[in-house]
Amino acid sequence: AQSVTQPDIHITVSEGASLELRCNYSYGATPYLFWYVQSPGQGLQLLLKYFSGDTLVQGIKGFEAEFKRSQSSFNLRKPSVHWSDAAEYFCAVGARSNDYKLSFGAGTTVTVRA
Amino acid sequence: DAGVTQSPTHLIKTRGQQVTLRCSPKSGHDTVSWYQQALGQGPQFIFQYYEEEERQRGNFPDRFSGHQFPNYSSELNVNALLLGDSALYLCASSRTNTKNTEAFFGQGTRLTVV
């Protein structure tokens, strides 16, 4: 069975500072990994995904993530956060690239202070 | 393109009642997945429909059932509602048989059981 752990429930960061959100996954085969963002009262928006190839993945809104198989991690980073980045972030793992039976982590809430 | 649309946006039901939630997938998508997101948690996979049949199912009781219509839209039905069924229900659409496809989520239906 596949599962995801997001160790940080809540992170507060100053505007302009860097951000890193941690994600650890458990899956026996090649994982398909995703980061989604959810603003209050909204659905999920895909930030980026990793299926294969280059382990450093670029996404929308200036986000990037790095897949590290040896650490079973897929951490999300942004060099300089904006107030609009305040939201909840979810890491997810799937078994196939076109099969959206995803297992999500519990999420990390990001607060941005001025 | 309207994207994934869900209706209704909010719903209040009484314990023991039945509820039907609706989802229209993004144009060109043929697969619909349903997720339950309880407050403060990540989404949990309920089931997935493709070619009008349930293709995969998560760990949810038989009270949760669904349907997919020839136009690819889908319904989620929950019988004998429990207080614990209160959650945001998310629908995601994707396209099977397309490598590296992306799933798009709707805004969700907020169900409150009283």
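Just so it is clear, the model here is predicted, and its values are computed rather than measured. (Residues numbered from 1 in each chain as written. Chains lettered and ligands numbered in written order. Predicted model: local features only at pLDDT ≥ 70, side-chain atom pairs only at ≥ 80, totals over all residues. Heavy atoms only, no water.)

Draft legend 1. How the structure looks around the interface of chain A and chain B. Contacts between chain A and chain B engage 20 residues on the former and 25 residues on the latter. For the pair chain A and chain B, the summed buried surface comes to about 1,700 Å²; carbon and sulfur atoms form 49% of the total. Counting every contact that joins chain A to chain B gives zero salt bridges. Counting across the interface, chain A meets chain B through four residue pairs in polar contact (both at pLDDT 80 or more). When residues of the side of chain A that touches chain B are traced back to their parent elements, those giving at least two are β5 (32-38) and β6 (45-50) of chain A. Within the side of chain A that touches chain B, the residues separate by chemical class into nine nonpolar, seven polar and four charged. (Contact = heavy atoms within 4.5 Å. Buried area = accessible area lost by both parts, 1.4 Å probe. Salt bridge = Lys/Arg side-chain N within 4 Å of Asp/Glu carboxyl O. Polar contact = N/O pair within 3.5 Å; in protein donor to acceptor, adjacent residues only side chain to side chain. Helix = DSSP H or I, 4+ residues; strand = E, 2+ residues; numbered from the N terminus. Nonpolar A, V, L, I, M, F, W, Y, C, P; charged D, E, K, R; others polar.)

Draft legend 2. Spatial organisation of the sheet that holds strand β1 (residues 5-7) of chain B. All names here are of chain B. Read across the open sheet, the four strands follow the order β1-β3-β8-β7; overall the sheet is antiparallel. Each edge of the sheet is formed by a strand with only one pairing partner; in this case those strands are β1 and β7 (64-68). Strand-to-strand twist across the sheet, computed as the mean angle between neighbouring axes with direction ignored, equals 20 degrees. Summarising the sheet, β7 and strand β8 (residues 74-78) pair through five bridges and their orientation is antiparallel. (Pairing = 2+ DSSP bridges. Axes fitted to C-alpha atoms, helices over the stretch in contact; angles between N-to-C directions.)

Draft legend 3. Expanded view of the packing of aromatic side chains. Residue and element names in this part refer to chain B. For the structure on display, the rule yields 16 aromatic pairs over all chains. Between Y35 and F105 the ring centres are 5.7 Å apart and the planes differ by 50 degrees, which places this aromatic pair in the tilted class. Of this pair, Y35 sits in strand β4 (residues 31-37) while F105 sits in strand β10 (residues 104-105), and the two are 70 residues apart along the sequence. Across the pair, F105 and Y35 agree in class, each one buried. Seen in terms of ring centroids, F60 and F64 are 5.1 Å apart; in terms of plane orientation they differ by 70 degrees. Their pairing is edge-to-face. (Phe/Tyr/Trp six-rings, centres within 6.5 Å; stacked < 30°, edge-to-face > 60°. Buried < 20%, exposed > 50% of the residue type's maximum accessible area, 1.4 Å probe, protein only.)

Draft legend 4. The arrangement of the state of the cysteines in detail. Using the criterion set out here, one finds two disulfides over all chains in the structure. A sulfur-sulfur distance of 1.9 Å marks the disulfide that ties A:C23 to A:C91. In this structure, the disulfide formed by A:C23 and A:C91 twists by about -60 degrees around the S-S bond and is classed as left-handed. In this pair, A:C23 is assigned in the loop between β3 (19-21) and β4 (24-26) and A:C91 in strand β10 (residues 87-94), connecting sequence segments 68 residues apart. The pair A:C23 / A:C91 is uniform in exposure class, with both members buried. With its sulfur 1.7 Å from that of its partner, B:C23 forms a disulfide with B:C91. Disulfide B:C23 to B:C91: torsion about the S-S bond roughly -50 degrees, handedness left-handed. Of this pair, B:C23 sits in strand β3 (residues 19-24) while B:C91 sits in strand β9 (residues 87-94), and the two are 68 residues apart along the sequence. A single burial state applies to B:C23 and to B:C91, both of which are buried. (Disulfide = S-S within 2.5 Å.)

Draft legend 5. Region of interest: the environment of A:Y32. Its place among the elements puts A:Y32 in strand β5. When the C-alpha atoms of A:Y32 and A:S73 are compared, they prove to be 12 Å apart, with 41 residues separating the residues in sequence.

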